[in-house]
Amino acid sequence: MDEADRLLLRRHRRLLVEELRVDQLWDALLSRELFKPHMIEDIQRAGCGSRRDQARQLITDLESRGSQALPLFISCLEETGQCMLASILQTNRQTEKFLIPKTKDLRPETPRPVDPGCRGFGDGEQKDHGFEVASTSPEEESPGSNPESDATPFQEDAWTFDQVDAVSSLPTPSDIFVSYSTFPGFVSWREPKRGSWYVETLDDIFEQWAHSEDLQSLLLRVANAVSGKGIYKQMPGFFNFLRKKLFFKTS
């Protein structure tokens, strides 16, 4: 299991231990060869053999069952009617990976995939991946400074006791705004001659409204305009950890 899937599973460990109906999963787990029969028996004997003990052991053992362990586990949940848990894991898995979208040319008939290259904009060619805005405090950029993190260090053993990854202080990467040309895992589109829908619309909206509206309002306009284009569909989006409205100085 890759690190992103492992961390996702651990973040939802408490929910899974509370809600997982393990007795309905054994056949599905075996049929997908996620576990062998003797492994299932070991899970069933975990702790006192209670449902919660079995759920804890299943989640722990799942981490060592290969790169496809989480998607296969999600399919087992769907097959056994545990759709709420399946939906939570699947939605968060798609969102948290922030996959770089594949860019496609718009042709009159068949769209053709194009290698998008490096992330962001560069070397004069439109790169339809979105952008990132971050603010840095003077303390962070001054020479010789060594600011302390305000986040609680990750503790590996904490997951054994179903503790959640939550602290009461501001996260270190606050004051950041990231925009994507499309939802993670979905394509973005470009016209063969005019270029990227997202970049073209971003440029038009900023030219018209950047003198009077904040960044979030501008990107809502971009999302509305791009989502209404053409036969093929695209939905830009962003996540926002800014604490104030961000305006551009246009004059």
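This text follows the structure it describes.
Residues numbered from 1 in each chain as written. Predicted model: local features only at pLDDT ≥ 70, side-chain atom pairs only at ≥ 80, totals over all residues. Heavy atoms only, no water.

Caption draft 1: View of the overall build of the protein chain. Within the protein chain one finds ten helices and seven strands. Looking at the 251 residues of the protein chain, the share that counts as buried comes to 35%. In the protein chain, the proportion of contacts linking residues at least 24 apart, taken out of those at least 6 apart, comes to 70%. (Helix = DSSP H or I, 4+ residues; strand = E, 2+ residues; numbered from the N terminus. Buried < 20%, exposed > 50% of the residue type's maximum accessible area, 1.4 Å probe, protein only. Contact = heavy atoms within 4.5 Å.)

Caption draft 2: Helix α6 (residues 69–79), seen in detail. Of all the positions in α6, only Ala-69, Leu-70, Phe-73, Ile-74, Ser-75, Cys-76 and Leu-77 are classed as buried. Gly-81, located one to two residues past α6, shows a positive phi value of around 80 degrees.

Caption draft 3: Looking closely at the nonpolar core. Leu-20, Leu-29, Leu-58 and Phe-73 are the most contacted members of the largest nonpolar core, which has 28 residues in total. Mapped onto this core, the elements with two or more residues apiece are α1 (3–11), α2 (13–19), α3 (26–31), α4 (37–44), α5 (51–62), α6 and α7 (83–97). Examining the composition of this core, we find that six residues originate from one element, α6, more than from any other. When sequence neighbours within four positions are dropped, the list of residues in contact with Leu-58 reads Leu-20, Val-22, Leu-25, Leu-29, Phe-35, Ile-43 and Phe-73. Among the nonpolar cores identified, the runner-up in size contains 13 residues, and Phe-177, Trp-189, Ile-205 and Val-226 belong to it. (Core = buried A, V, L, I, M, F, W, Y, C linked by side-chain atoms within 4.5 Å.)

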